[in-house]
Amino acid sequence: MAEAAAQLLLLLLISSSSVSTASSVIKILSGFPGELPFYLETGICGVGENEEVQLFYYYVKSQTNPLLDPLLLWLIGGPAFSGLATLA
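Residues numbered from 1 in each chain as written. Predicted model: local features only at pLDDT ≥ 70, side-chain atom pairs only at ≥ 80, totals over all residues. Heavy atoms only, no water.

### Description of the overall build of the chain
- Each helix and strand counted, the chain has one helix and three strands in total.
- Going through the 88 residues of the chain one by one, you find that 16% of them count as buried.
- Taking contacts inside the chain between residues at least 6 apart in sequence as the whole, the part at least 24 apart equals 36%.
- As displayed, the chain has an accessible area near 6800 Å², and 65% of this comes from carbon and sulfur atoms. (Helix = DSSP H or I, 4+ residues; strand = E, 2+ residues; numbered from the N terminus. Buried < 20%, exposed > 50% of the residue type's maximum accessible area, 1.4 Å probe, protein only. Contact = heavy atoms within 4.5 Å. Areas by Shrake-Rupley, 256 points an atom, 1.4 Å probe, with all protein chains shown as cover.)

### Section: the pairing of strand 3 (residues 53–60)
- Direction of pairing for strand 2 (residues 40–47) relative to strand 3: antiparallel, over a ladder of eight bridges. Residue pairing across strands places Glu41 opposite Tyr59, the latter belonging to strand 3.
- Hairpin connection of strand 2 to strand 3: five residues between the antiparallel strands, including Gly48 at a positive phi of 110°. (Pairing = 2+ DSSP bridges.)

### Considerations on the side chain of Glu41
- Here Glu41 lies in strand 2.
- The side chain of Glu41 is buried and forms no salt bridge, while Lys61, the nearest opposite charge, is found at 9.2 Å.
- In this structure the side chain of Glu41 is engaged in a polar contact, spanning 2.9 Å, whose partner is the side chain of Tyr39. (Lys, Arg positive; Asp, Glu negative; His and termini not counted. Salt bridge = Lys/Arg side-chain N within 4 Å of Asp/Glu carboxyl O. Polar contact = N/O pair within 3.5 Å; in protein donor to acceptor, adjacent residues only side chain to side chain.)

### What about the packing of aromatic side chains?
- Under the defined criterion, the tally for this structure stands at two aromatic pairs.
- Between Tyr39 and Tyr59, the aromatic rings sit 6.1 Å apart at their centres with planes inclined by 75°, giving edge-to-face as the arrangement. Linking Tyr39 in the loop between strand 1 (19–26) and strand 2 with Tyr59 in strand 3, this pair joins segments that are 20 residues apart in sequence.
- Among the residues examined, Tyr59 registers a relative accessible area of 18% and is labelled buried.
- Seen from their ring centres, Phe56 and Tyr58 are 5.2 Å apart, and the 90° between their planes marks the pair as edge-to-face.
- Overall, Phe56 belongs to the partly exposed group, its relative accessible area being 49%. (Phe/Tyr/Trp six-rings, centres within 6.5 Å; stacked < 30°, edge-to-face > 60°.)

### Brief notes about the environment of Asp69
- Checked against the element boundaries, Asp69 lands in the segment after strand 3.
- Polar side-chain contacts of Asp69 include one of 2.6 Å to the side chain of Thr64.

Printed below as a string of structure tokens:
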């Protein structure tokens with residue numbers, strides 16, 4: 001259910017006339033040997049009439065049970081602050 005909720009939320013964002021997105025599936029990270037053992041997607045959603053707000057996101061697919069796993073929406077960052085610092 002959580003996986004379906006995440007997909008529905010992403011679909012609603014994409015289908016909205018005032019939102020545009022750009023995304024990439026990431027298979028290799030610098031410093032990590034080989035391909036990633038999980039599904040990772042990153043992207044940017046432009047929100048608003050003139051896309052004046054740009055939201056960056058990471059999407060990591062559930063590795064166990066998408067129907068039972070919780071859905072986490074993590075919004076962080078801002079001018080001069082990287083959200084990557086919180087993942088360390």
